[in-house]
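In case you want the letters, here they are:
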Amino acid sequence: MANTETNKELSPEQGEELLRSLKTRFEKNMTRHKGLEWAKVQARLAHGISGEKLWSLFEMERTGGEPDVVGHEEKSGEYFFYDCSAETPKGRRSICYDHEALESRKENKPENNAIDMAAEMGIEILTEDQYRELQELGSFDTKTSSWVKTPAGIRRLGGALFCDRRYDHVFTYHNGAESYYSVRGFRGSLRV
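Scoring rules and cut-offs
- Residues numbered from 1 in each chain as written.
- Predicted model: local features only at pLDDT ≥ 70, side-chain atom pairs only at ≥ 80, totals over all residues.
- Heavy atoms only, no water.
- Pairing = 2+ DSSP bridges.
- Helix = DSSP H or I, 4+ residues; strand = E, 2+ residues; numbered from the N terminus.
- Axes fitted to C-alpha atoms, helices over the stretch in contact; angles between N-to-C directions.
- Contact = heavy atoms within 4.5 Å.
- Parallel < 35°, antiparallel > 145°, perpendicular 65-115°, else oblique.
- Left-handed = near helix turned anticlockwise from the far one by under 90°.
- Nonpolar A, V, L, I, M, F, W, Y, C, P; charged D, E, K, R; others polar.

Colleague: Quick question: what am I supposed to make of the sheet that holds strand S7 (residues 184–186) here?
Modeller: For sheets, the rule is that strands pair by backbone hydrogen bonds, running either parallel or antiparallel. The four strands are arranged S6-S5-S4-S7 in an open sheet whose pairing can be described as mixed. The two strands at the open ends of the sheet, each matched to only one other strand, are strand S6 (169–176) and S7. Between one strand and the next, the sheet's axes are offset by a mean angle of 40°, whatever the strand orientation. Here three bridges tie strand S4 (residues 145–148) to strand S5 (residues 159–166), and the two strands are oriented antiparallel to one another. If you follow Val148 over to S5, its bridge partner there is Leu161.

Listed below in C-alpha coordinates is the structure:
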(Lines give C-alpha, C1' and ligand atoms only; values in the text may rest on other atoms or scores of the structure.)
Protein backbone atom coordinates (compact mmCIF):
# COMPACT_ATOMS: atom_id res chain seq x y z
CA MET A 1 0.00 0.00 0.00
CA ALA A 2 1.27 3.47 -0.86
CA ASN A 3 2.27 5.77 1.94
CA THR A 4 -0.49 8.32 1.49
CA GLU A 5 0.48 10.23 4.63
CA THR A 6 3.61 11.73 3.06
CA ASN A 7 3.50 11.58 -0.73
CA LYS A 8 -0.20 12.26 -1.32
CA GLU A 9 -0.34 9.72 -4.12
CA LEU A 10 -2.55 6.69 -4.39
CA SER A 11 -1.54 3.30 -5.65
CA PRO A 12 -3.46 2.15 -8.75
CA GLU A 13 -5.41 -0.25 -6.53
CA GLN A 14 -6.38 2.50 -4.09
CA GLY A 15 -7.45 4.72 -6.98
CA GLU A 16 -9.62 2.00 -8.50
CA GLU A 17 -11.20 1.17 -5.15
CA LEU A 18 -11.92 4.85 -4.50
CA LEU A 19 -13.54 5.33 -7.92
CA ARG A 20 -15.72 2.23 -7.37
CA SER A 21 -16.88 3.56 -4.00
CA LEU A 22 -17.59 7.03 -5.39
CA LYS A 23 -19.51 5.60 -8.37
CA THR A 24 -21.62 3.33 -6.16
CA ARG A 25 -22.44 6.21 -3.79
CA PHE A 26 -23.20 8.54 -6.72
CA GLU A 27 -25.63 6.03 -8.25
CA LYS A 28 -27.37 5.28 -4.93
CA ASN A 29 -27.93 8.97 -4.12
CA MET A 30 -29.05 10.60 -7.37
CA THR A 31 -31.18 13.16 -5.49
CA ARG A 32 -27.94 14.82 -4.33
CA HIS A 33 -26.87 15.60 -7.90
CA LYS A 34 -29.88 15.69 -10.19
CA GLY A 35 -28.97 16.11 -13.84
CA LEU A 36 -25.33 15.10 -13.41
CA GLU A 37 -23.79 12.03 -15.03
CA TRP A 38 -21.20 9.78 -13.41
CA ALA A 39 -19.28 9.39 -16.70
CA LYS A 40 -18.53 13.13 -16.74
CA VAL A 41 -17.53 13.15 -13.07
CA GLN A 42 -15.28 10.14 -13.61
CA ALA A 43 -13.69 11.74 -16.68
CA ARG A 44 -12.88 14.82 -14.61
CA LEU A 45 -11.46 12.65 -11.83
CA ALA A 46 -9.42 10.51 -14.20
CA HIS A 47 -8.05 13.13 -16.57
CA GLY A 48 -8.74 16.64 -15.47
CA ILE A 49 -7.25 16.93 -12.00
CA SER A 50 -4.06 16.39 -10.07
CA GLY A 51 -3.32 13.31 -8.02
CA GLU A 52 -3.60 15.41 -4.86
CA LYS A 53 -7.35 15.90 -5.41
CA LEU A 54 -7.83 12.13 -5.64
CA TRP A 55 -5.71 11.75 -2.52
CA SER A 56 -7.95 14.28 -0.74
CA LEU A 57 -11.06 12.33 -1.74
CA PHE A 58 -9.33 9.18 -0.51
CA GLU A 59 -8.67 10.86 2.84
CA MET A 60 -12.30 11.96 3.05
CA GLU A 61 -13.32 8.35 2.43
CA ARG A 62 -10.68 6.85 4.75
CA THR A 63 -11.81 8.99 7.69
CA GLY A 64 -15.47 8.05 7.23
CA GLY A 65 -16.78 11.08 5.33
CA GLU A 66 -18.43 9.21 2.45
CA PRO A 67 -17.75 12.02 -0.07
CA ASP A 68 -20.33 12.53 -2.79
CA VAL A 69 -21.01 15.04 -5.56
CA VAL A 70 -23.40 17.77 -4.43
CA GLY A 71 -23.01 20.29 -7.24
CA HIS A 72 -21.34 21.37 -10.45
CA GLU A 73 -20.14 24.69 -11.82
CA GLU A 74 -20.56 24.93 -15.58
CA LYS A 75 -18.04 27.73 -16.13
CA SER A 76 -15.08 26.02 -14.46
CA GLY A 77 -16.30 22.45 -14.98
CA GLU A 78 -15.65 21.77 -11.30
CA TYR A 79 -17.67 19.30 -9.26
CA PHE A 80 -18.29 19.90 -5.56
CA PHE A 81 -17.83 17.01 -3.15
CA TYR A 82 -19.07 17.20 0.46
CA ASP A 83 -18.80 14.64 3.23
CA CYS A 84 -22.21 12.94 3.11
CA SER A 85 -21.90 10.40 5.92
CA ALA A 86 -25.08 10.21 8.01
CA GLU A 87 -23.16 11.35 11.10
CA THR A 88 -20.02 13.48 11.35
CA PRO A 89 -17.08 11.38 10.09
CA LYS A 90 -15.87 8.90 12.72
CA GLY A 91 -12.21 9.41 11.89
CA ARG A 92 -12.47 13.14 12.64
CA ARG A 93 -14.22 13.29 16.01
CA SER A 94 -13.05 14.36 19.47
CA ILE A 95 -11.16 17.33 18.11
CA CYS A 96 -11.17 21.01 19.00
CA TYR A 97 -11.64 23.78 16.43
CA ASP A 98 -8.13 24.99 15.49
CA HIS A 99 -4.44 24.94 16.42
CA GLU A 100 -4.70 27.97 18.70
CA ALA A 101 -7.48 26.24 20.64
CA LEU A 102 -5.45 23.03 20.87
CA GLU A 103 -2.42 24.92 22.21
CA SER A 104 -4.57 26.76 24.77
CA ARG A 105 -5.53 23.51 26.50
CA LYS A 106 -3.24 22.77 29.41
CA GLU A 107 -4.66 19.32 30.22
CA ASN A 108 -6.57 16.61 28.40
CA LYS A 109 -5.65 17.86 24.95
CA PRO A 110 -7.42 16.25 21.99
CA GLU A 111 -5.22 14.60 19.40
CA ASN A 112 -5.92 17.15 16.68
CA ASN A 113 -8.10 20.03 15.52
CA ALA A 114 -10.56 20.52 12.68
CA ILE A 115 -8.80 23.31 10.77
CA ASP A 116 -5.39 21.60 10.67
CA MET A 117 -6.88 18.21 9.82
CA ALA A 118 -8.81 19.71 6.91
CA ALA A 119 -5.68 21.46 5.63
CA GLU A 120 -3.64 18.25 5.94
CA MET A 121 -6.34 16.45 3.92
CA GLY A 122 -6.42 19.18 1.27
CA ILE A 123 -10.07 20.02 1.91
CA GLU A 124 -12.04 22.94 3.34
CA ILE A 125 -14.20 22.75 6.44
CA LEU A 126 -17.84 23.43 5.54
CA THR A 127 -19.19 26.92 6.08
CA GLU A 128 -22.51 27.34 7.85
CA ASP A 129 -24.17 28.02 4.48
CA GLN A 130 -22.65 24.88 2.94
CA TYR A 131 -23.76 22.88 5.97
CA ARG A 132 -27.33 24.10 5.48
CA GLU A 133 -27.12 23.27 1.74
CA LEU A 134 -26.04 19.75 2.67
CA GLN A 135 -29.02 19.42 5.02
CA GLU A 136 -31.32 20.19 2.07
CA LEU A 137 -30.12 16.90 0.54
CA GLY A 138 -30.96 14.68 3.53
CA SER A 139 -30.86 14.39 7.31
CA PHE A 140 -27.30 14.57 8.60
CA ASP A 141 -25.86 14.82 12.12
CA THR A 142 -29.02 13.73 13.95
CA LYS A 143 -26.86 12.22 16.73
CA THR A 144 -23.58 14.10 16.24
CA SER A 145 -22.45 17.64 15.44
CA SER A 146 -19.90 19.24 13.12
CA TRP A 147 -17.63 22.25 13.51
CA VAL A 148 -18.20 24.83 10.75
CA LYS A 149 -15.99 27.65 9.51
CA THR A 150 -16.19 30.35 12.15
CA PRO A 151 -16.16 34.09 11.41
CA ALA A 152 -12.93 35.80 12.52
CA GLY A 153 -14.74 38.06 14.99
CA ILE A 154 -16.20 35.11 16.90
CA ARG A 155 -12.94 33.20 16.80
CA ARG A 156 -10.97 36.23 18.01
CA LEU A 157 -13.13 36.20 21.16
CA GLY A 158 -12.40 32.51 21.78
CA GLY A 159 -15.51 30.96 20.29
CA ALA A 160 -16.25 28.63 17.40
CA LEU A 161 -19.44 27.51 15.66
CA PHE A 162 -20.86 24.05 15.16
CA CYS A 163 -24.08 22.72 13.68
CA ASP A 164 -26.36 19.71 13.93
CA ARG A 165 -29.86 18.57 13.05
CA ARG A 166 -32.41 17.96 15.80
CA TYR A 167 -36.20 17.95 15.74
CA ASP A 168 -36.04 18.09 11.93
CA HIS A 169 -34.36 21.52 12.14
CA VAL A 170 -30.76 22.63 11.54
CA PHE A 171 -29.23 24.45 14.49
CA THR A 172 -26.09 26.56 14.75
CA TYR A 173 -24.44 26.84 18.16
CA HIS A 174 -21.31 28.27 19.71
CA ASN A 175 -18.77 26.78 22.07
CA GLY A 176 -15.28 27.57 23.25
CA ALA A 177 -12.96 26.67 20.37
CA GLU A 178 -10.89 24.52 22.72
CA SER A 179 -13.83 22.25 23.58
CA TYR A 180 -14.11 18.78 22.12
CA TYR A 181 -16.62 15.97 22.38
CA SER A 182 -16.75 12.38 21.20
CA VAL A 183 -19.72 13.21 18.97
CA ARG A 184 -18.30 16.38 17.37
CA GLY A 185 -16.07 16.39 14.32
CA PHE A 186 -16.16 18.26 11.03
CA ARG A 187 -17.36 17.86 7.46
CA GLY A 188 -15.32 18.94 4.50
CA SER A 189 -15.71 20.09 0.92
CA LEU A 190 -13.53 19.67 -2.12
CA ARG A 191 -13.76 21.28 -5.55
CA VAL A 192 -12.57 18.93 -8.29
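Colleague: When you look at the sheet that holds strand S3 (residues 124–125) in this model, what are you seeing that I'm missing?
Modeller: Spatially, S1-S2-S8-S3 is the arrangement adopted by the four strands of the open sheet, whose pairing is antiparallel. Since the sheet does not close on itself, it has two edges, and those belong to strand S1 (67–72) and S3, each with one partner. With respect to the sheet, helix H4 (residues 51–62) is in contact with S1, strand S2 (79–83) and strand S8 (188–191), its orientation differing from that of S8 by roughly 160°.

Colleague: Can you help me understand the packing of helix H2 (residues 12–28) against H4 in this one?
Modeller: Each packed pair of helices is defined by two parameters, the angle between the axes and the distance between the axes. Between H2 and H4, the shortest axis-to-axis distance is 10 Å and the interhelical angle comes to 65°. As the angle between them shows, H2 and H4 are arranged roughly perpendicular. Between H2 and H4 lies a crossing whose hand is left-handed. Contacts between H2 and H4 involve Gln14, Leu18, Ser21, Leu22 and Arg25 from the former and Leu54, Leu57, Phe58 and Glu61 from the latter. Split by residue class, the contact of H2 with H4 holds five nonpolar, two polar and two charged.

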